[in-house]
Amino acid sequence: AEMKEEIAKKIAANLPSIMPYSYQYTTEALDMENTIREKMQQLTYAEFEGVLHPAFEEDEILLIFVGGVLGLMAGVVQLLIFYT
């Protein structure tokens with residue numbers, strides 16, 4: 001038990017200097033970027049929307065409102081350009 005504690009103390013002491021290397025290693029070993037890209041490309045449009053929708057769901061009303069305001073502004077600009 002004493003040996004385990006000593007090893008745990010050494011690991012804990014060296015952990016801050018080891019973390020950047022472990023992050024780089026796990027990123028390369030797991031190849032997360034390519035794995036995620038490949039899996040996302042295999043999704044159908046409906047599945048892709050199902051993945052993205054929850055991310056935008058809480059801001060959906062704001063997005064609709066901003067789209068409406070931008071559409072109104074574009075319409076006013078068109079009125080001013082073509083009918084004045």
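All values derive from a computational prediction rather than experimental measurement.

Caption draft 1: Quick look at a nonpolar patch on the surface. Among the surface-exposed residues, Met3, Ile7, Ile11, Leu15, Ile18 and Met19 lie close enough to one another that they form a single nonpolar patch of about 580 Å² accessible area. In this fold, Ile11 is placed in helix H1 (residues 2-30).

Caption draft 2: Up close: a negative patch on the surface. A cluster of like negative charges, contributed by Glu57, Glu58, Asp59 and Glu60, occupies part of the molecular surface. Tracing the backbone through its elements, the reader meets Glu60 in helix H4 (residues 60-83). What makes Glu60 partly exposed here is its relative accessible area of 33%.

Cut-offs used in this document
- Residues numbered from 1 in each chain as written.
- Predicted model: local features only at pLDDT ≥ 70, side-chain atom pairs only at ≥ 80, totals over all residues.
- Heavy atoms only, no water.
- Patch = residues over 30% accessible without salt bridge, like charges linked within 9 Å, V, L, I, M, F, W, Y side chains within 5 Å.
- Areas by Shrake-Rupley, 256 points an atom, 1.4 Å probe, with all protein chains shown as cover.
- Salt bridge = Lys/Arg side-chain N within 4 Å of Asp/Glu carboxyl O.
- Helix = DSSP H or I, 4+ residues; strand = E, 2+ residues; numbered from the N terminus.
- Lys, Arg positive; Asp, Glu negative; His and termini not counted.
- Charge placed at Lys NZ, Arg CZ, Asp CG, Glu CD.
- Buried < 20%, exposed > 50% of the residue type's maximum accessible area, 1.4 Å probe, protein only.

Nothing here speaks to function; it is geometry throughout.
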